[in-house]
Amino acid sequence: MMRIDVATLFPEMCQRVLDESILGRAARKGLIETHCHQIRDYTLNRQRQVDDYPYGGGCGMVMYAQPIYDCCVDVLRQAQEQGRPRPRIVFLTAAGKPYTEQEAKRLAQYDGLLLVCGHYEGMDERVIEEIADEEISIGDYVLTGGELAALVVADSVLRLQPGVLAEPQGYQEESHWNGLLEYPQYTRPEEWRGRRVPEVLLSGHHGRIDQWRAEQSLERTRQRRPDLYEAHKQEGKEKS
Ligand code: SAM
């Protein structure tokens, strides 16, 4: 059963999100475990200060290496006490490896992940060098902190764990699983504001429905994400 830890200056915010909805239900059923840790609790100064001015000048503040490191070491100790293997330590940074569904599938194979969130101008580089196994960026934009990025990673990885989604293997039909975007979805009523559900979906003919969905998925990907479409075509050629 996978365990995800988040090291952050905003543990309550992160835990509230993880305890909601599908992931919260899965945790209460004992299918996954999530724990959020306050980096500030590991400071050694009286003011519990977590950041300081950058060497060399420049704007903003940089998070100290020490409290982040000590927080990570404490999480490693907790995992060891549970008899678990060492969790994979992932720092969320704007300069990290771009995150995709393929990365989610890869990270989902670990017994545990420790997601480390920066804030302000970022973290002292030495703590990343010292303890990170990898750095991940959730996209080519800058957030005020790593919390939303950590929640994106936690959510996309935890939904792949056995039993978390109501439908077993339900995630395999969704966008990005096989490198394509998903076909359009509809629910009741059959007509809404003059727009009808495509007739084929009402036909009850599963073969035709599957074929329509496959075509829609391919066409959507071609129109909206030519980069994914080309990669998919290339993969097909290599396999054949
Ligand atoms: N000075 C850093 C830079 O230019 O790369 C940006 C620091 S950002 C304001 C503060 C924190 O937000 C970072 O330490 C990181 O944890 C997080 N963050 C910002 N953008 C991110 C992204 N695209 N993916 C993952 N984490 C991000």
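Residues numbered from 1 in each chain as written. Predicted model: local features only at pLDDT ≥ 70, side-chain atom pairs only at ≥ 80, totals over all residues. Heavy atoms only, no water.

J.: How should the overall build of the chain be read in this particular structure?
T.: When helices and strands are counted, the chain shows eight helices and nine strands. Taken along its principal axes, the extent of the C-alpha atoms in the chain is 70 × 45 × 40 Å. Residues counted as buried form 42% of the 240 residues belonging to the chain. When the accessible area of the chain is evaluated, it comes to approximately 14,400 Å², of which 50% is carbon and sulfur surface. Within the chain, the 39 negative side-chain charges are centred at a point lying 6 Å from the centre of the 30 positive side-chain charges. (Helix = DSSP H or I, 4+ residues; strand = E, 2+ residues; numbered from the N terminus. Buried < 20%, exposed > 50% of the residue type's maximum accessible area, 1.4 Å probe, protein only. Areas by Shrake-Rupley, 256 points an atom, 1.4 Å probe, with all protein chains shown as cover. Lys, Arg positive; Asp, Glu negative; His and termini not counted. Charge placed at Lys NZ, Arg CZ, Asp CG, Glu CD.)

J.: Could you clarify how one ought to interpret the nonpolar core in this entry?
T.: A general feature of soluble globular proteins is that nonpolar side chains tend to end up buried together. Within the largest apolar cluster, 31 residues are counted, with the highest numbers of intra-cluster contacts made by Ile4, Val6, Leu107, Leu115, Val153 and Val157. Among the elements of the structure, β1 (2–8), α1 (11–18), α2 (21–28), β2 (32–38), β5 (88–98), α4 (101–107), β6 (112–117) and α6 (147–158) are those that each provide at least two residues to this core. Here the element with the most residues in this core is α6; it accounts for seven residues. Not counting chain neighbours up to four residues away, the residues in contact with leucine 115 comprise Ile4, Asp5, Val6, Ala7, Val90, Leu92, Ala150, Val153 and Ala154. Val50, Cys71, Val75 and Leu114 belong to the second-largest nonpolar core, a separate cluster that totals 19 residues. (Core = buried A, V, L, I, M, F, W, Y, C linked by side-chain atoms within 4.5 Å. Contact = heavy atoms within 4.5 Å.)

J.: Looking at this model, I keep getting lost on the state of the cysteines. Mind explaining?
T.: In protein chemistry, a disulfide is the covalent bond that joins the sulfur atoms of two cysteines. Scanning all chains against the criterion turns up zero disulfides. Residue cysteine 36 stays outside any disulfide, its sulfur separated by 5.1 Å from that of cysteine 14, the closest cysteine. (Disulfide = S-S within 2.5 Å.)

J.: Please explain the site of the ligand as it appears in this structure.
T.: Close to the ligand lie 20 residues; Leu92, Gly118, Glu121, Tyr141 and Leu143 are nearest. Take glutamate 121: an N or O atom from its main chain is 2.8 Å from a nitrogen atom of the ligand. Glycine 146 is positioned with one of its backbone polar atoms (N or O) 3.4 Å from an oxygen atom of the ligand. Against a free-state accessible area of 580 Å², the protein chains account for coverage of 81% of the ligand. (Near = heavy atom within 4 Å. Polar contact = N/O pair within 3.5 Å; in protein donor to acceptor, adjacent residues only side chain to side chain.)

J.: Where do I start with the packing of aromatic side chains in this structure?
T.: We describe a pair of aromatic rings using the distance from one ring centre to the other and the angle between the two ring planes. Taken as a whole, this structure holds zero aromatic pairs when the rule is applied. Over the face of the ring belonging to tryptophan 177 we find lysine 105, whose NZ or CZ atom lies 3.9 Å from the ring centre. Positioned above the aromatic ring of tryptophan 192 is the side chain of arginine 193, whose terminal nitrogen or guanidinium carbon lies 5.8 Å from the ring centre. (Phe/Tyr/Trp six-rings, centres within 6.5 Å; stacked < 30°, edge-to-face > 60°. Lys NZ or Arg CZ within 6 Å of the ring centre and 35° of its normal.)

J.: So what exactly am I meant to see when it comes to unusual backbone geometry here?
T.: For residues that are not glycine, phi is negative in most cases, and the peptide bond is trans in most cases. A cis amide bond links arginine 188 to the next residue, proline 189, at an omega of 0°. Within the element layout of this structure, proline 189 appears in the loop between α6 and β8 (191–192). Not every positive phi belongs to a glycine, and tyrosine 120 is a case in point at roughly 55°. Mapped onto the fold, tyrosine 120 is located in the loop between β6 and α5 (125–131). The phi angle at histidine 176 is positive, at roughly 80°, despite the residue not being glycine. Residue placement: histidine 176 occurs in the loop between α6 and β8.

J.: Is there a simple way to think about a nonpolar patch on the surface in this case?
T.: Residues Phe10, Met13, Tyr141, Leu143 and Leu148 make up a contiguous nonpolar surface patch of roughly 440 Å² in combined accessible area. Relative to the helices and strands, phenylalanine 10 resides in the loop between β1 and α1. (Patch = residues over 30% accessible without salt bridge, like charges linked within 9 Å, V, L, I, M, F, W, Y side chains within 5 Å. Salt bridge = Lys/Arg side-chain N within 4 Å of Asp/Glu carboxyl O.)

J.: So what exactly am I meant to see when it comes to the sheet that holds strand β7 (residues 134–137) here?
T.: Backbone-to-backbone hydrogen bonds pair the strands of a sheet. The strands run either parallel or antiparallel. Taken together, five strands build an open sheet; the order of strands is β2-β1-β6-β5-β7 and the sheet is parallel. Edge positions in the sheet fall to β2 and β7, since each has one partner strand and no second. The sheet shows a mean angle of 30° between the axes of neighbouring strands, taken without regard to direction. The pairing of β1 with β2 spans seven bridges and is parallel. (Pairing = 2+ DSSP bridges. Axes fitted to C-alpha atoms, helices over the stretch in contact; angles between N-to-C directions.)

J.: How do you make sense of the packing of helix α7 (residues 206–224) against helix α8 (residues 226–239) when you look at a structure like this?
T.: In a packed pair of helices, the relevant descriptors are the angle between the two axes and the axis-to-axis distance. Where α7 meets α8, the axes come as close as 5 Å, and the angle between the chain directions of the two elements is 125°. Judged by the angle between their axes, α7 and α8 are oblique. Contacts from Leu218, Thr221, Arg222, Gln223 and Arg224 in α7 reach Pro226, Leu228, Tyr229 and His232 in α8. Among the residues making up the contact of α7 with α8, the classes are represented as four nonpolar, three polar and two charged. (Parallel < 35°, antiparallel > 145°, perpendicular 65-115°, else oblique. Nonpolar A, V, L, I, M, F, W, Y, C, P; charged D, E, K, R; others polar.)

J.: How should I be thinking about α1 in this particular structure?
T.: Each turn of an α-helix holds 3.6 residues, which means side chains three or four residues apart point in the same direction. Here α1 has its buried residues at Pro11, Cys14, Gln15 and Leu18. Viewed end-on, α1 has its buried residues packed into an arc of 95°, placing them on one side of the element. Those residues of α1 that are exposed and angled more than 90 degrees off the buried face are Glu12 and Arg16. Turning to α1, the residues buried within the fold contact β1, α2, β2 and α6. (Arc of directions from axis to C-beta.)

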